[in-house]
Amino acid sequence: MAPKTVTIEEAQTNLPALIALVEEGKEIIIAKGKKPLAKLAPLAQPRKDGIKGQRLFGQYKGQVRLSDNFDAPLPDKFWLGSNAK
């Protein structure tokens with residue numbers, strides 16, 4: 001859905017209603033005449049799983065693996081580039 005476009009005057013008059021639309025996840029473009037000047041948008045997009053900014057401890061348990069040499073020193077070739085001998 002395309003963002004709703006309003007003039008500066010409409011934005012001043014209807015700011016509470018526009019903020020209510022933003023709370024629903026919609027974006028509002030504020031224009032001077034036909035020239036867009038600003039965008040009124042939510043600070044954070046709502047998550048699809050319904051969680052609002054919270055992280056669930058253990059939600060990826062068993063899905064993340066680290067190799068045995070995860071913390072081993074990197075080879076000189078990594079630091080010096082592909083021309084290292």
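Definitions and limits used
The numbering scheme is per chain: residues are counted from 1 as the chain's sequence reads. With the structure being a predicted model, the display of local features is reserved for residues of pLDDT at least 70 and the display and counting of side-chain atom pairs for 80 or more, all residues being used for whole-chain, interface and lining totals. Values reported for side chains reflect all heavy atoms of the structure, with hydrogen atoms and water molecules removed beforehand. Helix numbering and strand numbering both begin at the N terminus, where a helix is a DSSP run of H or I of at least 4 residues and a strand a DSSP run of E of at least 2. Note on classification: 1.4 Å probe, protein chains only; a residue is buried when its accessible area is under 20% of the maximum for its type, exposed when over 50%, partly exposed between these limits. Here, two residues are considered to be in contact whenever any of their heavy atoms come within 4.5 Å of each other. Surface accessibility follows the Shrake-Rupley procedure with a 1.4 Å probe radius. Residue values consider only the protein chains on display as shielding. The salt bridge criterion pairs a side-chain nitrogen of Lys or Arg with a carboxyl oxygen of Asp or Glu, the two atoms within 4 Å.

Enquirer: Whenever I open this one, the overall build of the chain confuses me. Can you help?
Expert: Secondary structure assignment for the chain yields three helices and three strands. Each helix and strand of the chain, ordered N terminal to C terminal, gives the series β-α-α-β-β-α. For the chain, buried positions account for 12% of its 85 residues. Counting only contacts in the chain whose residues sit at least 6 apart along the sequence, the fraction spanning at least 24 positions is 24%. For the chain, the accessible area works out to roughly 8,100 Å², and carbon and sulfur atoms hold 57% of it.

Enquirer: What exactly am I supposed to notice about the pattern of salt bridges here?
Expert: Proximity of charged atoms lets side chains of opposite charge pair with each other. Counting across every chain of the model gives two salt bridges. K26 is the partner of E24 in a salt bridge, and the nearest nitrogen-oxygen pair spans 2.9 Å. Assessed through its relative accessible area of 54%, E24 is described here as exposed. In this structure, the salt-bridge partner of E27 is K39, at a minimum N-O distance of 3.8 Å.

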